[in-house]
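Residue-level listing of the chains:
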Amino acid sequence: MYRTHTCGELRIVNTGSEVTLAGWVQRLRNLGGMTFIDLRDRYGITQLVIGDQAPVDLHQTVDQLGREFVIKAKGIVLERSNKNLKIDTGEIEILVSELHILNAAQTPPFTIEDETDGGEELRAVYRYLDLRRNPLKRAIMLRHTMAHEVRNYLSSQQFLEIETPVLIKSTPEGARDFVVPSRMNQGQFYALPQSPQSFKQLLMVAGYDRYFQIVRCFRDEDLRADRQPEFTQIDCEMAFVEREEVLNTFEGLAKHLFKSVLCDYLHHPDHPQFHQPFPRLSYADAKRLYGSDKPDIRFEMKICDLTSLAKGCGFGVFDSADFVGAICAKGAADYTRKQLDDLTEWVKRPQIGAKGLVYARVVPEGVKSSVDKFYTPEALQQWAEETGAQQGDLILMLCGTERTTLEALGALRLEMGNRLGLRKKDHFAPLWVYDFPLLEWDNETQRFYAMHHPFTSPKPQDLSKFYSNKKEDLEQVCANAYDFVLNGVEIGGGSIRIHDSAVQKRMFEVLGFSDSDADYRFGFIINAFKYGAPPHGGIAFGFDRWCAVFGGSESIRDYIAFPKNNSGRDVMLDAPSRIDEVQMKELGIASTTI
Ligand code: ASP
């Protein structure tokens, strides 16, 4: 038997029992003839002791050990004289009577410690060693618990977990597809799903009125910190529902996860905000108040429109702008010249693109701004009133066109939130954003694209605009779509779908597909809708992202056991890689281009 217990299991009550443990050597210490070994497995660390009286062969075995050797040890559980209350097994140790080396190990290329000396690239190559470290272990375990609780909750709500295929048909809309050549049908390709969207809608037609799946999706996009070419969604769909029921059902899922996963993970008994209904904001309000469709509402600092107050007073920059907006940074009136210069440089970076930054401090003498000479003290006082700035606060203003200024203020707001420590990792602020525009005009291709996807339903009250042929009308059509946002991260998105084939046909028309084109790409779904499609809607959550936000991390990579790097490579496997000629021939792919 390799082990009777794990390395995280033994306690003071086990004192006196004979046990066998197996694991990896975390640390070895020799103190005056006695050797202490920290033995590690997934569950924890247990201290082994080899006494100075131990037989010679035992000491000889110990002499051969090194870090990360795999060993098995038998011995008696003793109460420790020197207790370590930081670890669960810290009150006991094992006095070893037998020790076996199960496998030797080379010295690992970086230390297997919470704070390691290995760089990101090196750790990615040896991902299986990195996964031995506690921070990653915690992340992977959090992910497991999340998945488990998602299944618990959705099953309790009558959802069925149904798998959908991975080799499907390319429907180029949204991101680029990954494709797989077919050997049996040469010259033809499967696509990997960007999401199981059409399958889940077909399941609704099939009568499985509550579906979910924790499912791998593939999108061939340029990567960012929170994107991976393959990622996991909690994909869900419901029939006979309106938006309200969808939001309530998944608010229930989020609350369940907050309670059953997060509180435990944070060692926090409860989070009062999770008993309240989640706030809801329309897309238009989110943009107007936060300059973003995924606002971080852990802190206030809403954007204020000061256009009418700031314009027409002789300050040319404001006078020539379409829009002047401000945020109020609480308690930041004492920002130094240097800090303000630094912020000005920050907003001028190309990513933000502002031309400059105007500020006003609310101090005991009144409101003191960088553009004092153009405004009367009363006018400046009005800025303070409008933004809700009080003594000790700092007003920051940007101007330009409305859309770009709101976006820049939104970015500045997040930056100030960071600088003022208002975006705490253990504070969670969920939010629904709804009523997104249905369509987005693309100047380059001179056509509309679906902002969500082509199956999203327009709001009933906008149907007449939806049938209009004017671009301005179509631009104003609202989608019955919603996003779930947590701490400024878009965690989920979904919509009430089109279930009427005439409306669906119109949607394809608006998107510029000819009848035959629509038929070629989406014929299966158009057809299915002729056989009694129920009203339906759903949502999909980015599972990796949700785990990362719960874990307080910016990047989803830590929450994926074997992720890809920024260029979409798996540096451990060294994939993607060439395939040999024979394989290429079999697939009917010309090798001359490679
Ligand atoms: N399939 C959509 C997506 O992946 C989500 C949904 O509408 O349910 O974004």
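Preceding block: the structure.
Heads up: these notes are all about the structure in this document. (Residues numbered from 1 in each chain as written. Predicted model: local features only at pLDDT ≥ 70, side-chain atom pairs only at ≥ 80, totals over all residues. Heavy atoms only, no water.)

1. Some details on empty space enclosed by the protein
Turning to step 1, where the next piece is worked out: Counting across every chain of the model gives one cavity of 30 Å³ or more.
Turning to step 2, where the next piece is worked out: Roughly 30 Å³ of internal volume is contained in the largest cavity.
Turning to step 3, where the next piece is worked out: Along the walls of the largest cavity sit T164, P165, P193, S195, P196, F199, V215, R216 and C217, which together make up its complete lining.
Turning to step 4, where the next piece is worked out: Per element, the largest residue contribution to the lining of the largest cavity is three residues, and it comes from strand 9 (residues 210–218). (1 Å grid on protein atoms, 1.4 Å probe; cavity = no way out; pocket = protein on both sides within 12 Å on 5 of 7 lines; lining within 4 Å. Points joined across faces, edges and corners; volume = space filled by probe spheres on them. Helix = DSSP H or I, 4+ residues; strand = E, 2+ residues; numbered from the N terminus.)

2. A look at the nonpolar core
Turning to step 1, where the next piece is worked out: Membership of the largest hydrophobic core comes to 44 residues, with the highest contact counts inside it found for L154, F250, W546 and F550.
Turning to step 2, where the next piece is worked out: For this core, the secondary-structure elements that each account for two or more residues are helix 4 (134–156), strand 9, strand 10 (230–239), helix 6 (243–265), strand 20 (481–486), strand 21 (489–496), strand 22 (536–542) and helix 17 (543–551).
Turning to step 3, where the next piece is worked out: By size, the runner-up hydrophobic cluster in this structure holds 31 residues, among which are L431, V433, L438 and A533. (Core = buried A, V, L, I, M, F, W, Y, C linked by side-chain atoms within 4.5 Å. Buried < 20%, exposed > 50% of the residue type's maximum accessible area, 1.4 Å probe, protein only.)

3. Remarks on the pattern of salt bridges
Turning to step 1, where the next piece is worked out: A complete count under the given rule lists 37 salt bridges for this structure.
Turning to step 2, where the next piece is worked out: Ionic pairing is found between R557 and E120, a salt bridge with its closest N-O pair at 3.1 Å. Remark: E120 occurs in helix 2 (residues 120–125) and R557 occurs in the loop between helix 17 and helix 18 (581–587); sequence separation between them is 437 residues.
Turning to step 3, where the next piece is worked out: A residue is classified by how much of its surface remains accessible, and R557, at 16% relative accessible area, is buried.
Turning to step 4, where the next piece is worked out: Owing to a relative accessible area of 55%, E120 belongs among the exposed residues under this scheme.
Turning to step 5, where the next piece is worked out: Close ionic contact of R151 with E161 constitutes a salt bridge, the shortest N to O distance being 2.7 Å. Here E161 lies in strand 6 (residues 160–161) and R151 lies in helix 4, a separation of 10 residues in the sequence.
Turning to step 6, where the next piece is worked out: Look at R151 and you get partly exposed, because its relative accessible area is 33%.
Turning to step 7, where the next piece is worked out: Judged by its relative accessible area of 37%, E161 falls in the partly exposed class.
Turning to step 8, where the next piece is worked out: Within this structure, R27, R29, D38 and E113 form a network of salt bridges that share partners. (Salt bridge = Lys/Arg side-chain N within 4 Å of Asp/Glu carboxyl O.)

4. Looking at the site of the ligand
Turning to step 1, where the next piece is worked out: Around the ligand, the structure places S195, Q197, K200, R219, Q233, H452, H453, G493, G494, R497, I539 and A540.
Turning to step 2, where the next piece is worked out: At 2.6 Å from an oxygen atom of the ligand is found a side-chain nitrogen or oxygen belonging to K200.
Turning to step 3, where the next piece is worked out: For the ligand, whose unbound accessible area comes to 270 Å², protein coverage reaches 88%.
Turning to step 4, where the next piece is worked out: Contributing elements (two or more residues each) for the shell around the ligand: helix 5 (197–205), strand 21 and strand 22.
Turning to step 5, where the next piece is worked out: In terms of residue class, the shell around the ligand is made up of two nonpolar, seven polar and three charged. (Near = heavy atom within 4 Å. Polar contact = N/O pair within 3.5 Å; in protein donor to acceptor, adjacent residues only side chain to side chain. Areas by Shrake-Rupley, 256 points an atom, 1.4 Å probe, with all protein chains shown as cover. Nonpolar A, V, L, I, M, F, W, Y, C, P; charged D, E, K, R; others polar.)

5. A look at the packing of helix 7 (residues 283–290) against helix 12 (residues 402–419)
Turning to step 1, where the next piece is worked out: For the pair helix 7 and helix 12, interaxial distance at closest approach is 8 Å and the crossing angle is 65°. The orientation of helix 7 relative to helix 12 falls into the category roughly perpendicular. Taking contact as the criterion, the partners of K287, R288 and Y290 in helix 7 are, on helix 12, L406, E407, G410 and R413.
Turning to step 2, where the next piece is worked out: Across the contact of helix 7 with helix 12, the residue classes break down as two nonpolar, one polar and four charged. (Axes fitted to C-alpha atoms, helices over the stretch in contact; angles between N-to-C directions. Parallel < 35°, antiparallel > 145°, perpendicular 65-115°, else oblique. Contact = heavy atoms within 4.5 Å.)

6. Focus: the environment of D220
Turning to step 1, where the next piece is worked out: Examined against the element boundaries, D220 turns out to sit in the loop between strand 9 and strand 10.
Turning to step 2, where the next piece is worked out: Residues D220 and A175, spaced 45 residues apart in sequence, show a C-alpha to C-alpha distance of 6.5 Å.
Turning to step 3, where the next piece is worked out: Excluding residues within four positions of it along the chain, D220 makes contact with R176, D177 and F178.

7. Let's talk about the side chain of K255
Turning to step 1, where the next piece is worked out: With respect to the helices and strands, the residue K255 is situated in helix 6.
Turning to step 2, where the next piece is worked out: Accessibility expressed as a relative area gives 16% for K255, which makes it buried.
Turning to step 3, where the next piece is worked out: Not counting residues up to four positions away in its chain, the partners in contact with K255 are F274, H275, Q276, P277 and F278.

8. So, the sheet that holds strand 17 (residues 430–434)
Turning to step 1, where the next piece is worked out: Strand order in the open sheet formed by eight strands is 6-9-10-22-21-20-17-11, with mixed pairing between adjacent strands. Each of the sheet's edge strands pairs with one partner strand only, and the pair in question is strand 6 and strand 11 (280–282).
Turning to step 2, where the next piece is worked out: Here five bridges tie strand 17 to strand 20, and the two strands are oriented antiparallel to one another. Bridge pairing links Y434 to Y482 in strand 20.
Turning to step 3, where the next piece is worked out: Docked against the sheet, helix 5 engages strand 9, strand 10 and strand 22, running at close to 20° with respect to strand 10. (Pairing = 2+ DSSP bridges.)

9. With respect to a nonpolar patch on the surface
Turning to step 1, where the next piece is worked out: Judged by side-chain polarity, I76, L78 and L95 come together as a nonpolar surface patch covering roughly 200 Å² of accessible area.
Turning to step 2, where the next piece is worked out: Here L95 shows up in strand 5 (residues 92–103).
Turning to step 3, where the next piece is worked out: Accessibility expressed as a relative area gives 38% for L95, which makes it partly exposed. (Patch = residues over 30% accessible without salt bridge, like charges linked within 9 Å, V, L, I, M, F, W, Y side chains within 5 Å.)

10. Description of helix 16 (residues 515–528)
Turning to step 1, where the next piece is worked out: For helix 16, which comprises 14 residues, the first-to-last C-alpha distance of 16 Å sits more than 12% below the rise-based estimate of 20 Å (1.5 Å per residue).
Turning to step 2, where the next piece is worked out: Most pronounced at F522, the bend in helix 16 amounts to some 90°.
Turning to step 3, where the next piece is worked out: Listing the buried residues of helix 16 in full gives A518, R521, F522, G523, I525 and A528.
Turning to step 4, where the next piece is worked out: On its buried side, helix 16 packs onto helix 5 and helix 15 (501–510). (Expected span 1.5 Å × (residues − 1). Bend = angle between axes of the 7 residues up to and from the residue.)

11. Some details on a negative patch on the surface
Turning to step 1, where the next piece is worked out: A surface patch of negative charge is lined by D305, D322, E385, E386 and E402.
Turning to step 2, where the next piece is worked out: For E386, the position within the fold is in helix 11 (residues 377–387). (Lys, Arg positive; Asp, Glu negative; His and termini not counted. Charge placed at Lys NZ, Arg CZ, Asp CG, Glu CD.)

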